[in-house]
Amino acid sequence: MIGALLVIYGHSSPLVGSGELFPPEWPVQPDEGVLMGFFALSGFQITESWMRDPHALRFAAKRVLRLWPPMLTVSVGMALIVGPMITTLPLGEYFRAHETWGYIVNNAGLLTLRHDLPGVFEDNPWPDAVNGSLWTLPMELLAYGGLFALLLLGTAKKDFRWLTVLALIGLIAWDRHLEQTPGAESAGSLLSVPVESLVAFLVAFALGVLLNLYRIPLSPLAAGAGLVVLVVMGNNITASAFMAFAVSYAVIVAGHFWPSRLTVPGVWVNGSYGVYVWGFPVQQLLAMAGIGDQWLMLLCAAPIAYVLGTLSWKYVEDPTMRLRHLFDTAPAKKREPDPDPEDVPTEKSLPLPEPAAPRAPERPRHASPRPPVSGAQRPVGPPPGRAFPPDRGFPRRPPPEESPLSRRLSGEIDEPPQGRHARRPMPPEAGRRGDPNRLDRR
């Protein structure tokens, strides 16, 4: 929310026609730094979303439900509600114009953005720009796509994290090459996306991904030192390269160590995306109304955009994000057909388990050898290791076990019986006399 309000602050001066709000010699332009912070936070949080639920379909659905609904709402609202009220064209001509409907269709494609509506804001200090804040959303979409491809390759796994490092190194090299090429946006554009800005913001996005994957320690002291070094460096090529690292790390650290006493209910800050996409049109409407001072513009635009952003969260974003449960539900298991009764094994067809050999009970140390058993005393039954056939009618008896009492008297169990059969403790003098029912092993 702080970043979205800072973007409104950065747009105030250009939209009233008073030039740049920040001195160009500053090493860090706050509006550009805020956008880099947005991308770094996005990379960090979206990677966390994949780590919690590494499912390709659900991951893609969550990104669609988060990115498109607010953007489509503001585009449709400006084209079909606000545009007809302020256009300089007759209503019939406005609705017959291809640009009116092309504004909605192209913005729905996201990579094919349009920024003008026929007859809307033509006389403003910044003409023919209905919503300039949307220009970063295609870059966000491309960042999602690049991360999605890396995650499908297994980047989230420990053995393949080096792919993200390799991607970051490639982006940094590309960004430095474009930075040294003379001319603003000299690399051209990909559809409606300026390539030079795209690469710069992708560097911040990749830094957020790496901070999450490698669990790099977050230190307020290191973040503050990085910002101080950035300010001291001045406005040069080196500071431009270092800015993405310092700002991205500082923004994530600020979010991680945000003081708990300053925490507010989510409903008051969840509308930050709505504030971002509604701020620019609100400022254009205020400029059209005649506001020419940048501070008055900020004072009026910020609360209006905040209200619209909160309404966007409550009635657009939150309801659409609740649709995620449609993708989180596990598919019902297909019921197996009932087996053929002829295929069901019967008791007679089951193999007879081989009984274990009877275990001879352990004899106490003081017991004398048992006398040999005569033939008349031998038990009637099958030899050891064999069992009667099931159709002979002889019951299968388990091998006899010694009772706990006999085992206790033999010295195999030293613990006294528990429960209501437990004996009362004997007086000390009884121990000296000895217990005639138990071997004194001391």
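Positions within a chain are numbered from 1, following the residues in the order the chain's sequence is written. Where totals are concerned, whole chains, interfaces and linings use all residues; where local detail is concerned, this predicted model gives features only for residues with pLDDT of at least 70, and gives and counts side-chain atom pairs only at 80 or more. In computing side-chain properties, one takes all heavy atoms of the structure into account and sets aside hydrogens as well as water.

S.K.: Any details on the side chain of Thr 100? Residues and values, ideally.
M.R.: Runs of E in the DSSP output that reach at least two residues are strands. Runs of H or I that reach at least four are helices, and both are numbered from the N terminus. Tracing the sequence through the fold places Thr 100 in helix α5 (residues 98-109). Among the residues examined, Thr 100 registers a relative accessible area of 0% and is labelled buried. Among the polar contacts made by the side chain of Thr 100, one reaches the main-chain carbonyl oxygen of Tyr 94 at a distance of 2.6 Å. The contact criterion used throughout is that any non-hydrogen atoms of two residues lie within 4.5 Å. With residues up to four places along the chain from it excluded, the contact list for Thr 100 reads Ala 79, Tyr 94, Leu 117 and Pro 118. Residue burial is assigned from relative accessible area. The probe radius is 1.4 Å, only protein chains are included, and a residue is buried under 20% of its type maximum, exposed over 50%, and partly exposed in between. Whenever two N or O atoms come within 3.5 Å, that pair is a polar contact, provided that in protein one can donate a hydrogen and the other can accept it, and provided that, for residues adjacent in sequence, both atoms are side-chain atoms.

S.K.: Before we move on, could you go through the environment of Leu 211 and cite the residues and values that matter?
M.R.: Counting through the fold element by element, Leu 211 comes out in helix α8 (residues 195-213). Leu 211 sits 167 residues away from Phe 44 along the chain, and the two C-alpha atoms are 6.8 Å apart. In this structure Leu 211 touches Phe 44, Ile 216, Tyr 249 and Ile 252, once residues within four positions along its chain are discounted.

S.K.: Residues and numbers for the packing of helix α1 (residues 2-16) against helix α12 (residues 294-321), please.
M.R.: One way to put it is that α1 packs onto α12 with a least axis distance of 9 Å and a crossing angle of 135°. In terms of orientation, α1 lies oblique with respect to α12. By crossing handedness, the relation of α1 to α12 is classed as right-handed. On the side of α1, the interface is formed by Leu 5, Ile 8, Tyr 9, Ser 12, Ser 13 and Val 16, while α12 contributes Gln 294, Trp 295, Met 297, Leu 298, Ala 301, Ala 302 and Ala 305. A class-by-class count of the residues in the contact of α1 with α12 yields 10 nonpolar, 3 polar and no charged. Angles shown run from 0 to 180 degrees and are taken between the N-to-C directions of axes, each axis being a line fitted to C-alpha atoms and, for helices, limited to the stretch in contact. Any angle between 65 and 115 degrees counts as roughly perpendicular, while under 35 counts as roughly parallel, over 145 as roughly antiparallel, and the rest as oblique. Left-handed describes a crossing in which the near helix is turned anticlockwise from the far one by less than a right angle; the clockwise case is right-handed. Under the scheme applied, nonpolar residues are Ala, Val, Leu, Ile, Met, Phe, Trp, Tyr, Cys and Pro; charged residues are Asp, Glu, Lys and Arg; polar residues are all the others, including Gly.

S.K.: Tell me about the nonpolar core, residues and numbers included.
M.R.: In this text, buried Ala, Val, Leu, Ile, Met, Phe, Trp, Tyr and Cys residues form a nonpolar core when linked through side-chain atoms within 4.5 Å. Counting 72 residues, the largest nonpolar core has Met 36 and Leu 67 as its most contacted members. Counting residues per element, this core draws most heavily on α8, at 12 residues. With residues near it in sequence (within four places) discarded, Met 36 still touches Ala 200, Phe 201, Ala 204, Met 243, Ala 244, Val 247 and Ser 248. Membership of the second largest hydrophobic core comes to 9 residues, among which are Phe 44, Leu 211, Ala 250 and Val 253.

S.K.: Give me the lowdown on the UniProt feature "transmembrane region" (unreviewed entry) in the protein chain, citing residues and values where you can.
M.R.: In this structure's numbering, the residues bearing the UniProt feature "transmembrane region" (unreviewed entry) are residues 72-91, 134-153, 160-177, 197-214, 226-252 and 295-316. End C-alpha to end C-alpha, residues 295-316 measures 30 Å, and it is 100% helix and 0% strand. UniProt positions are given in the numbering used here, feature names are shortened, and annotations may be inferred rather than shown by experiment.

S.K.: Give me a nonpolar patch on the surface: which residues, what numbers.
M.R.: Taken together, Val 76, Leu 80, Ile 81, Met 85, Leu 91, Phe 95 and Trp 101 make up a surface patch of nonpolar side chains, about 670 Å² in accessible area. With 4 residues, the single largest contributor to the nonpolar patch is helix α3 (residues 56-86). Using a relative accessible area of 32% as the deciding quantity, one classes Phe 95 as partly exposed. Patch construction takes residues with relative accessible area above 30% that form no salt bridge. Like charges are linked within 9 Å, and nonpolar side chains (Val, Leu, Ile, Met, Phe, Trp, Tyr) are linked within 5 Å. All accessibility values rest on the Shrake-Rupley procedure with a 1.4 Å probe; residue burial counts only the protein chains present in the view. By convention in these notes, a salt bridge is any Lys or Arg side-chain nitrogen within 4 Å of a carboxyl oxygen on Asp or Glu.

S.K.: Can you tell me about helix α11 (residues 272-288), naming the residues and giving the values?
M.R.: By this rule, a helix spans an expected 1.5 Å times one less than how many residues it contains. Between its first and last C-alpha, α11 extends 25 Å over 17 residues, near the 24 Å set by a 1.5 Å rise per residue. Of all the bends in α11, the greatest reaches close to 35° and is centred on Trp 278; the proline Pro 281 follows between one and four positions later. With respect to burial, α11 is a largely interior element, 14 of its 17 residues being buried. One or two residues past the end of α11 sits Gly 290, with phi positive at roughly 110°. To get the bend at a residue, fit one axis to the 7 residues ending there and another to the 7 starting there, then take the angle between the axes.

S.K.: Can you lay out the packing of α3 against α11 for me, pointing to particular residues and giving the numbers?
M.R.: For the pair α3 and α11, interaxial distance at closest approach is 9 Å and the crossing angle is 20°. On the basis of the axis angle, α3 is roughly parallel to α11. Pair α3 / α11 crosses with right-handed handedness. Residues Arg 66, Leu 67, Pro 70, Met 71, Thr 73, Val 74, Met 78, Val 82 and Ile 86 of α3 lie in contact with α11, whose contacting residues are Tyr 273, Val 277, Trp 278, Pro 281, Leu 285 and Met 288. Grouping the amino acids of the contact of α3 with α11 by side-chain chemistry returns 13 nonpolar, 1 polar and 1 charged.

S.K.: Can you explain the environment of Asp 123? Please cite residues and give values.
M.R.: Checked against the element boundaries, Asp 123 lands in the loop between α5 and α6 (137-152). Residue Asp 123 is classed as exposed on the basis of its relative accessible area, which comes to 73%.

S.K.: Any details on the packing of aromatic side chains? Residues and values, ideally.
M.R.: Two aromatic rings from Phe, Tyr or Trp, using only the six-membered ring of Trp, form a pair when their centres are within 6.5 Å; if the ring planes differ by under 30 degrees the pair is stacked, by over 60 it is edge-to-face, and anything between is tilted. On inspection of all chains with the given rule, the structure shows 9 aromatic pairs. Centroid distance Tyr 94 to Phe 95: 5.3 Å. Interplanar angle 85°. Geometry classified as edge-to-face. A relative accessible area of 0% means that Tyr 94 is categorised as buried. Centroid distance Trp 126 to Phe 280: 6.3 Å. Interplanar angle 80°. Geometry classified as edge-to-face. Residue Trp 126 is found in the loop between α5 and α6, and its partner Phe 280 is found in helix α11; the two are separated by 154 residues along the sequence.

S.K.: A description of the pattern of salt bridges should follow, citing residues and the corresponding values.
M.R.: According to the stated counting rule, one finds 8 salt bridges in the structure shown. The closest approach of N and O atoms between Asp 53 and Lys 62, which form a salt bridge, is 3.5 Å. Both residues of the pair, Asp 53 and Lys 62, count as buried. Arg 176 is the partner of Asp 175 in a salt bridge, and the nearest nitrogen-oxygen pair spans 2.7 Å.

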